Structures are given as C-alpha cells and as structure tokens.
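Coordinate analysis (summary)
Read off the chains here:
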Amino acid sequence: GVTLTLRSGSCAPLNYGSNICQPHDLVYDPICDISLATQPNFPLYCLQSWCYVDADACVRDTDNAVYRSSYFPVDSGMDMFYSYDAC
C-alpha cells in the first residue's frame, strides 16, 4: 500500500481517494486548513470533491477531465489519476 502522512502524523486510510468522492484534501493536505477558508489565497482545490479513477475508462466513456496525481513520482510505479468531474 501507499502511506500518506496526515497533519496529525498518522496515515491516511487505505481507501483514501477511492470509494467516495469528497474533498479529501480538506482533511489530509496541511495547506487546506479550514480555519483559513475565508482568506483570499485559500486554495480552491481544498474544497473540491474528487476521487481516483480509471483514466482509460473515464476518458473513453465520458468527457470528464482526468488528472495524473503529482503525489506519486512518475517512476514509482503508481500511475494514479483523479477527477473532479467524475464526482
């Protein structure tokens, strides 16, 4: 599996980014501190729901935009894609 570090130092659940579309970054990205949400430079992606998707199926069957995750290095063997549209 993949270990993701949370603000609290524990690991993200194994189903992180899958099974449910939600604003995962709001919980797991330290930049997405909800107490700063009213600030003008608060990243909008923090509030967007997303989930990991099968990029080939998503692009072939729909017009959904799909993005390669930058969390995993290209040479890691983890070719993960996510979509805001699939939610």
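Below is a short write-up of the structure. (Residues numbered from 1 in each chain as written. Predicted model: local features only at pLDDT ≥ 70, side-chain atom pairs only at ≥ 80, totals over all residues. Heavy atoms only, no water.)

**Considerations on the packing of aromatic side chains**
Spelled out, the test is: For Phe, Tyr and Trp, rings pair up if their centres lie within 6.5 Å, where Trp contributes its six-membered ring, and each pair is then called stacked (planes under 30 degrees apart), edge-to-face (over 60) or tilted (otherwise). Secondary structure elements are defined from DSSP: runs of H or I of at least 4 residues count as helices, runs of E of at least 2 residues count as strands, and each element is numbered from the N terminus.
Counted by the stated rule, this structure contains five aromatic pairs. Ring geometry for Trp-50 versus Tyr-82: centroids 5.7 Å apart, planes at 65 degrees, classification edge-to-face. Of this pair, Trp-50 sits in the loop between helix H1 (24–28) and strand S1 (51–53) while Tyr-82 is found in strand S3 (residues 81–83), placing the two residues 32 residues apart along the sequence. Aromatic pair Tyr-82 and Tyr-84: ring centres 5.6 Å apart, planes at 85 degrees, arrangement edge-to-face.

**Remarks on the state of the cysteines**
Just so we agree on the cut-off: Cysteine sulfur pairs qualify as disulfides if the two atoms are within 2.5 Å. For every residue, the accessible area obtained with a 1.4 Å probe (protein chains only) is divided by the maximum for its type, and the residue is called buried under 20%, exposed over 50%, and partly exposed between those limits.
If you walk through the whole model with that rule in mind, you get one disulfide. In this model, Cys-32 is linked to Cys-46 through a disulfide, with the two sulfur atoms separated by 1.9 Å. Looking down the S-S bond of the Cys-32 and Cys-46 bridge, the torsion is -70 degrees, so its handedness is left-handed. Of this pair, Cys-32 sits in the loop between H1 and S1 while Cys-46 is found in the loop between H1 and S1, placing the two residues 14 residues apart along the sequence. Judged by relative accessible area, which is 0%, Cys-46 ranks as buried.

**Some thoughts on the environment of Ala-65**
Stated formally: Throughout, a contact is declared for two residues whenever any of their heavy atoms are within 4.5 Å.
Its location among the elements puts Ala-65 in the loop between helix H2 (55–61) and strand S2 (67–68). Its relative accessible area of 27% is what places Ala-65 among the partly exposed residues. Contact partners of Ala-65, with chain neighbours within four places excluded, come to Tyr-82, Ser-83 and Asp-85.

**Focus on the sheet that holds S3**
Put simply, the rule is: At least two bridges found by DSSP between two strands are what make those strands a pair.
Here we have three strands laid out as an open sheet, ordered S1-S3-S2, and antiparallel in their pairing. Edge positions in the open sheet fall to S1 and S2, since each of these has one partner strand only. Where S2 meets S3, two bridges bridge the pair, whose relative direction is antiparallel. For Arg-68, the partnering residue across the bridge sits in S3 and is Phe-81.

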